[in-house]
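Descriptive structure summary
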Amino acid sequence: MFERFDSQVADLKGLKRGTIRLAVGSTAKYFAPIMLGRFCEKYPGIDVALKVTNRERLLERMAENADDFYIMGNPPPSPTATFEAFMPNPLVVVVWPDHPLAKRKRVELAQLAGEQFIMREAESGTRLAIMQHLHQHRIALTIRMELGSNEAIKQAVMGKLGISILSRHAVGEDLRAGRLAILRAHRFPLQWDWHIGYRSQRKLSLLASTFLDYVRNEGRKIVVEVSG
């Protein structure tokens with residue numbers, strides 16, 4: 001009985017101090033710091049450790065049980081991890097502002113097949129979702145270049161090296177500044193979700209449970225601000 005009481009006291013103190021360890025896919029860097037900042041405003045005694053990495057390393061960290069939570073767009077089936085969708089992650093076709101297709105009211109998928117694409121690496125969760133979506137509609141893309149980050153892809157598109165498909169969250173500032181444009185492509189935006197996951201065998205502490213509830217409740221509010 002006393003051990004249980006001590007555990008409850010420790011949990012209550014956990015909301016006044018403690019650390020949340022969060023690892024996220026690279027595109028989640030556009031909203032994860034905002035989400036963590038809001039949480040820390042509410043619980044100022046809490047420290048956070050944020051790791052931004054690619055999908056391959058994220059899966060490795062999950063296997064190593066290195067963090068409390070993981071955020072990714074396309075979680076793999078896993079008997080040891082629990083994932084749940086918490087906010088939308090629309091994928092859009094991005095071009096430079098004076099691209100010939102930019103002013104069209106509707107762009108067919110077949111027209112995209114004639115464009116040169118700049119894409120993330122083959123292991124990227126975003127890339128996997130895009131290729132699956134296009135395969136369902138029998139569309140094959142011409143991939144001119146693979147780059148390892150959204151920032152590099154955006155710079156390449158601005159340089160008119162090709163067009164791309166990116167998370168709407170990754171391009172908000174560039175759209176507002178007029179550096180990029182979104183095509184009104186048929187069957188886009190591709191509606192996708194961000195997922196938050198944790199190891200199924202781990203009993204969540206009060207701090208971890210509070211953070212998970214916060215993400216569930218606040219995620220959709222934050223995405224509106226990020227997308228602009």
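In case you missed it, the structure is sitting above this.
Note that the structure is predicted; figures quoted are calculated from it, not measured. All chains use their own residue numbering, which begins from 1 and follows the written sequence. Local features in this predicted model are restricted to residues whose pLDDT is 70 or higher, and side-chain atom pairs enter the listing and the counts only when it is 80 or higher, whereas totals over whole chains, interfaces and linings include all residues. Only heavy atoms go into the side-chain values, all of them from the structure, while hydrogens and water stay out.

Some thoughts on helix α6 (residues 150-158)
Note on exposure labels: buried denotes an accessible area under 20% of the residue type's maximum, exposed denotes more than 50%, and partly exposed covers the range between, all computed with a 1.4 Å probe on protein chains only. Secondary structure elements follow DSSP: runs of H or I no shorter than four residues count as helices, runs of E no shorter than two count as strands, and numbering proceeds from the N terminus. Listed as buried for α6 are Asn 150, Ile 153, Lys 154, Ala 156 and Val 157. For α6, the arc enclosing every buried residue in end-on projection is 160 degrees, short of the 170-degree limit, so these residues lie on one face. An arc is given here, and it is the one of the directions from the helix axis to the C-beta atoms.

Looking at the nonpolar core
Soluble, globular proteins show a tendency: their nonpolar side chains are buried together. Residues enter a nonpolar core if they are buried and are Ala, Val, Leu, Ile, Met, Phe, Trp, Tyr or Cys, with the set joined through side-chain atoms within 4.5 Å. Of all hydrophobic cores here, the largest spans 35 residues; its most connected members are Val 93, Leu 112, Leu 134, Ile 165 and Phe 188. Per-element accounting of this core gives the leading share, five residues, to strand β5 (residues 91-95). Residue contacts are counted whenever heavy atoms from the two residues lie within 4.5 Å of one another. Not counting the four nearest positions on each side in its chain, Leu 112 is found in contact with Val 93, Val 107, Phe 117, Leu 141, Ile 163, Leu 183, Ala 185 and Phe 188. Phe 69, Trp 194, Leu 207 and Tyr 214 belong to the second-largest nonpolar core, a separate cluster that totals 26 residues.

Quick look at the packing of aromatic side chains
Two rings belonging to Phe, Tyr or Trp (six-membered ring only in the last case) form a pair when the distance between their centres is within 6.5 Å. Interplanar angles under 30 degrees mark stacking, angles over 60 mark edge-to-face geometry, and anything in between is tilted. Counted under the stated rule, the structure contains eight aromatic pairs. On the numbers, 6.0 Å between centres and 80 degrees between planes, the contact of Phe 69 with Tyr 198 is edge-to-face. Here the residue Phe 69 occupies a position in strand β3 (residues 69-72), and Tyr 198 occupies one in strand β10 (residues 193-199), the gap between them amounting to 129 residues. Tyr 198 matches Phe 69 in its accessibility class, with the two residues each being buried. An aromatic cluster is present here, built from Phe 39, Tyr 43, Phe 69, Tyr 198, Phe 211 and Tyr 214 joined pairwise through their rings.

Brief notes about the pairing of strand β1 (residues 18-25)
Examined bridge by bridge, β1 and strand β2 (residues 46-53) share eight bridges and lie parallel to one another. Each bridged residue has a counterpart across the sheet, and for Gly 18 the counterpart in β2 is Ile 46. Handedness of a crossover: with both strands directed away from the viewer, a clockwise path from the first strand across the helix to the second marks it as right-handed. Tracing the backbone out of β1, into helix α2 (residues 32-42) and back to the parallel element β2 gives a crossover that is right-handed. Strands are treated as partners if at least two bridges between them are detected by DSSP. The pairing of β1 with β3 spans three bridges and is classified as parallel. Residue pairing across strands places Leu 22 opposite Phe 69, the latter belonging to β3.

Thoughts on unusual backbone geometry
In this chain, Phe 188 is followed by Pro 189 through a cis amide linkage whose omega measures 0 degrees. You can see Pro 189 is positioned in the loop between β9 (181-182) and β10. For Arg 138, which is not glycine, the phi torsion reads 60 degrees and is therefore positive. With respect to the helices and strands, the residue Arg 138 is situated in the loop between α5 (125-136) and β7 (142-146). Under the relative-accessibility criterion, Arg 138 is labelled exposed at 79%.

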